Amino acid sequence: MPDQFPMHYDLQGNITSYSPKSYGILLLPNILQVFMTLLMMFINWSISRSKQQLNPASPEASSSKNAIFRQRWSFFNWLSSLALVFLFLFMQITIIYQVNPEVIPIISLIIPILIVAGAVVVSFTTGQGGSRIKRDAVIGKQTGAVPVDDDRFWKLGGSTYYNPEDPSIFIEKRIGIGWTANFARPMAWVFVFAPILVIILLLIFAT
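Procedures and definitions
Residues numbered from 1 in each chain as written. Predicted model: local features only at pLDDT ≥ 70, side-chain atom pairs only at ≥ 80, totals over all residues. Heavy atoms only, no water. Helix = DSSP H or I, 4+ residues; strand = E, 2+ residues; numbered from the N terminus. Buried < 20%, exposed > 50% of the residue type's maximum accessible area, 1.4 Å probe, protein only. Contact = heavy atoms within 4.5 Å. Areas by Shrake-Rupley, 256 points an atom, 1.4 Å probe, with all protein chains shown as cover. Patch = residues over 30% accessible without salt bridge, like charges linked within 9 Å, V, L, I, M, F, W, Y side chains within 5 Å. Salt bridge = Lys/Arg side-chain N within 4 Å of Asp/Glu carboxyl O. Phe/Tyr/Trp six-rings, centres within 6.5 Å; stacked < 30°, edge-to-face > 60°.

Asker: Looking at this model, I keep getting lost on the overall build of the protein. Mind explaining?
Answerer: From N to C terminus, the protein includes four helices and six strands. Here the protein, with 207 residues, has 36% of them falling under the buried criterion. Long-range pairs, those at least 24 residues apart, make up 55% of the contacts in the protein between residues at least 6 apart in sequence. Summed over its atoms, the accessible surface of the protein is roughly 12900 Å², and 68% of this surface lies on carbon and sulfur atoms.

See the structure below:
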């Protein structure tokens, strides 16, 4: 192992900063791989446990669309996890072995770009709760039921859900795509701040 590990490259692949050799620096990509994998597993778990938002006027069709919505995002998370594990593997390879400087910025940029592009595609083709899925892809009967009025539980312009009467920890967002937490539940705050604490500990370990 070299005494100095390359830590940062410019867009031309030139090394702009080094760090002294240490176990923390060498194992940091592996720790990040484990952290990202566990984070993606937690996201998939939260998707499966989140409160399902159904349209009472068409419950069967709404349930089918919602199931497709969850499946697509779960599959996207799985692919993203694999891509990030490969990215951190590549980072470790650049530390240990001589890699073509022109390849480093390409790999480092293309994976995040593909993940963001994939999220945009899934968002626009699926919609929140499966709202953009074609109607002929699902079957359901129409009813005259009216959606429950829960406006009072959505705070800060509809971006934050706070309902002490709802036992659910995760719920689909009202604005945007994805899920949010029910901040009236103490466990929701644990899930929000736990990843931040882990990142701080990783930074301390690396130094």
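Let us keep going from here.
Asker: Help me out: how do you make sense of a nonpolar patch on the surface in this one?
Answerer: Together, Trp189, Val192, Phe193, Ile196, Leu197, Ile200, Leu201 and Ile204 make up an exposed nonpolar region whose accessible area comes to about 770 Å². On the basis of relative accessible area, Ile204 is assigned to the exposed category, the value being 55%.

Asker: Got a minute to help me understand the packing of aromatic side chains in this structure?
Answerer: Aromatic ring pairs are described here by two measures, namely the spacing of the ring centres and the angle between the planes. All chains considered together, the criterion is met by 13 aromatic pairs. Considering the side-chain rings of Phe153 and Tyr161, the 6.4 Å spacing of their centres and the 65° angle between planes classify their relative orientation as edge-to-face. By relative accessible area, which is 1% here, Tyr161 ends up buried. Here the aromatic cluster, defined as three or more aromatic residues joined through ring pairs, consists of Phe42, Trp45, Phe170 and Phe191.

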